Amino acid sequence: MPRAHSVEREVGIAYYVSRAPGIGGRIREHDADFRVREIEAFDVEPADADPDAYPHLVIRATLEGWDTNDFASRLSDAMGISRERVSWAGTKDKRAITTQLFSVRKGDPAELPEVRGAEIEVVGWAGRALEFGDLAGNEFEIRVDGDTNPENVEAITDQLREFGGGRVGVPNYFGQQRFGSRRPVTHEVGLAAARGSWRDAVLAYLGDPREAEPEDTQEARAYVEREVRDASEGSEDWRGALERFPRKLGYERSMLHRLVENGAENEADFREALEAVPSNLQRLFVNAAQSYLFNRILSERLERGLPFDRVVAGDVVCFGDADAPEGFARPDPDRTQRVTENRVETINRHLVRNRAFVTAPLVGTESELGEGEPGEIERAVLDERGISPSDFDLPGEFGSTGTRRAILLTTDLSIARDPLTFSFALPSGSYATVLLREYLKGDPRELG
């Protein structure tokens, strides 16, 4: 198998599964090159329903140049309501044209604003707010610009069908965006926190300058490396670091303010510094650590030659979500079963029918690891980074009970020419870039 790009290897992605050379090129040259539409799985009453019985206004917004959080803030400001009254099921990137649902608690359709770069339509009313998990998946239409070897598309597609057991399939990696495209360090923060090394977690976030960052940011991070990490005990210059970090790096400055105030004398001070950032970023650190370990488990499975479209004894499978939209298979990680030797053939028949899915852990305190060779892989990866499931018994937003995730991502892929455009649908939580990387085989930062 071809080795992955060096930036991808930092986040646990070690290989491509297609052997043919890449086509080159890049995506997101223009917003219109990357279109995403949610596959909706949310019960909505008609627009003439009683808003007293169904107090959440549901709208569908098609956005260009807006990320989901910024649009929600703009919508609430324009309607004169609290930002907390606006909810959605999945976060989308601003460098795209996206279509998704929002719910507005006690929203008035007459007060919906006109927003530049947004088309808003009323869908109806719901008895509750949209939540993460209400999204079944996404439909993508993605154009590739500057491809230099389009003749390789067919060979790559054939090899991905071979890997996926008949459908186009790839390892269900977490994409580069999960860890930071310019500076993939969020998983290192989370891993250090899980090991109880809060000082190392803070330094992973503040230090480690990268060439992809602006010069003033690189200089500030280099100061942390030189005058804090490498300084003798008691001579760390936290105040000097704070003075050098540009104001645009608000999260880093929040951590440094807390350290200067508290004295940075013990692990509790460093944990408190990490808690100075928003709760969603605290969760992201842990989620990124889990995602990195998951990626490493998949890479190790590839290296050992274990299948992704079939089980072996010791695997843990999850079964299909009974509430998934018709014709759209979706794993349900709450319904799992460990595969014994005498159940391999039976479970493989379920896999062929998309009724079951091979999984790997997103490690947390309640994780039950596999047995046999799959279990050996999972334990070896955890040992490699000095992690055990119990390490995720952490305070506040840093704790996690864990779950499991399908290791194979399959789709029905349609490819158009002139311009080269890929159309496909994926379940929620999966990354379009994980499929496209097999075709482009270049710097993952070109995937946006």
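Up top is the structure these notes are about.
To start, this report covers the structure provided alongside it. (Residues numbered from 1 in each chain as written. Predicted model: local features only at pLDDT ≥ 70, side-chain atom pairs only at ≥ 80, totals over all residues. Heavy atoms only, no water.)

What follows is about the overall build of the chain. Scanning the chain from terminus to terminus reveals 13 helices and 14 strands. A compact globule built from 448 residues should have a C-alpha radius of gyration of about 22 Å, and the chain, at 23 Å, falls within 12% of that. Seen through its principal axes, the chain has C-alpha atoms that stretch 60 × 60 × 45 Å. The 448 residues of the chain split such that 51% are buried. Accessible surface computed for the chain: about 20,000 Å², of which carbon and sulfur atoms make up 41%. The averaged location of the 82 negative side-chain charges in the chain is 2 Å from the averaged location of its 57 positive side-chain charges. (Helix = DSSP H or I, 4+ residues; strand = E, 2+ residues; numbered from the N terminus. Rg over C-alpha atoms; globule rule 2.2 N^0.38 Å. Buried < 20%, exposed > 50% of the residue type's maximum accessible area, 1.4 Å probe, protein only. Areas by Shrake-Rupley, 256 points an atom, 1.4 Å probe, with all protein chains shown as cover. Lys, Arg positive; Asp, Glu negative; His and termini not counted. Charge placed at Lys NZ, Arg CZ, Asp CG, Glu CD.)

Here we take up unusual backbone geometry. The amide bond that connects aspartate 418 to the next residue, proline 419, takes the cis arrangement and shows omega of 5 degrees. Its location among the elements puts proline 419 in the loop between strand S13 (414–416) and strand S14 (421–427). Look at arginine 28: it is not a glycine, yet its phi comes out positive at around 65 degrees. Topologically, arginine 28 is positioned in the loop between helix H1 (6–9) and strand S1 (34–40). Phi angles above zero are rare outside glycine, and aspartate 418 is one such case at about 50 degrees. Following the sequence through the fold, aspartate 418 ends up in the loop between S13 and S14. The exposure class of aspartate 418 is exposed, given its relative accessible area of 78%.

Take the packing of helix H3 (residues 153–163) against helix H13 (residues 432–440) next. It is the contact of H3 with H13, at a shortest axis distance of 9 Å, that shows an interaxial angle of 130 degrees. For the element pair H3 / H13, the angle class is oblique. When the axes of H3 and H13 are compared, the crossing they make is right-handed. Across the interface between the two elements, Val153, Ile156, Thr157 and Leu160 from H3 touch Leu435, Glu438 and Tyr439 from H13. (Axes fitted to C-alpha atoms, helices over the stretch in contact; angles between N-to-C directions. Parallel < 35°, antiparallel > 145°, perpendicular 65-115°, else oblique. Left-handed = near helix turned anticlockwise from the far one by under 90°. Contact = heavy atoms within 4.5 Å.)

Moving on, we come to the pairing of S1. Of the strand pairs in this sheet, S1 and strand S6 (residues 135–143) are connected by seven bridges, and their pairing is antiparallel. What sits directly across from arginine 35, in S6, is glutamate 141. Pairing between S1 and strand S4 (residues 97–105): three bridges, direction parallel. Paired with arginine 35 across the strands is isoleucine 97, a residue of S4. (Pairing = 2+ DSSP bridges.)

The next subject is the sheet that holds strand S11 (residues 403–406). Strand order in the open sheet formed by four strands is S9-S8-S10-S11, with antiparallel pairing between adjacent strands. If you trace the sheet from one side to the other, it starts and ends with strand S9 (331–338) and S11, each paired once. Adjacent strand axes in the sheet meet at a mean angle of 50 degrees, parallel and antiparallel pairs treated alike. Two elements, strand S8 (residues 316–320) and S9, share five bridges in a ladder whose sense is antiparallel. Counterpart to valine 316 in the pairing with S9 is arginine 338. Helix-sheet contacts for helix H11 (residues 344–352) involve S8, S9 and strand S10 (356–362), and the interaxial angle to S10 is about 100 degrees.

Attention now moves to the packing of aromatic side chains. Aromatic ring pairs: the centre-centre distance and the angle between the two ring planes describe each pair. Counted by the stated rule, this structure contains twelve aromatic pairs. Plain terms: the ring middles of phenylalanine 422 and tyrosine 439 are 4.8 Å apart, the flat faces sit at 55 degrees to each other, and that makes the pair tilted. Highlighted residues: phenylalanine 422 in strand S14 and tyrosine 439 in helix H13, separated in sequence by 17 residues. With a relative accessible area of 0%, phenylalanine 422 lands in the buried category. Taken together, the ring pairs connect Trp66, Phe71, Trp88 and Phe102 into an aromatic cluster. Looking at arginine 28, its charged tip hangs above the ring of phenylalanine 34, at a distance of 3.8 Å from the centre. Taking NZ or CZ as reference, arginine 405 lies 3.8 Å from the ring centre of phenylalanine 174, over its face. (Phe/Tyr/Trp six-rings, centres within 6.5 Å; stacked < 30°, edge-to-face > 60°. Lys NZ or Arg CZ within 6 Å of the ring centre and 35° of its normal.)

What follows concerns the environment of arginine 417. Mapping arginine 417 onto the fold places it in the loop between S13 and S14. A relative accessible area of 39% places arginine 417 in the partly exposed class. Separated by 321 residues in the primary sequence, arginine 417 and alanine 96 place their C-alpha atoms 20 Å from one another. Among residues more than four places away in sequence, those in contact with arginine 417 are Pro150, Val153 and Glu154. Polar side-chain contacts of arginine 417 include one of 3.3 Å to the backbone oxygen of proline 150. Separated by 2.5 Å, the side chains of arginine 417 and glutamate 154 make a polar contact. (Polar contact = N/O pair within 3.5 Å; in protein donor to acceptor, adjacent residues only side chain to side chain.)

Turning our attention to the pattern of salt bridges. Under the criterion given, the structure shown has 33 salt bridges. A salt bridge links arginine 417 to glutamate 154, with the shortest nitrogen-to-oxygen separation between them at 2.5 Å. A residue pair is termed long-range when its members are at least 10 positions apart, and arginine 417 in the loop between S13 and S14 and glutamate 154 in helix H3 qualify at 263 residues. In this structure, the salt-bridge partner of aspartate 315 is arginine 301, at a minimum N-O distance of 2.9 Å. Here the residue aspartate 315 occupies a position in the loop between helix H10 (279–304) and S8, and arginine 301 occupies one in helix H10, the gap between them amounting to 14 residues. Residue aspartate 315 shares its accessibility class with arginine 301, and that shared class is buried. (Salt bridge = Lys/Arg side-chain N within 4 Å of Asp/Glu carboxyl O.)

With respect to the element layout, asparagine 138 can be found in strand S6. Of note is the side chain of asparagine 138, whose polar atom sits 3.4 Å from the side chain of lysine 92. The contacts of asparagine 138, once residues within four sequence positions are left out, are Val36, Arg37, Glu38, Ile39, Lys92, Phe424, Ala425 and Leu426.

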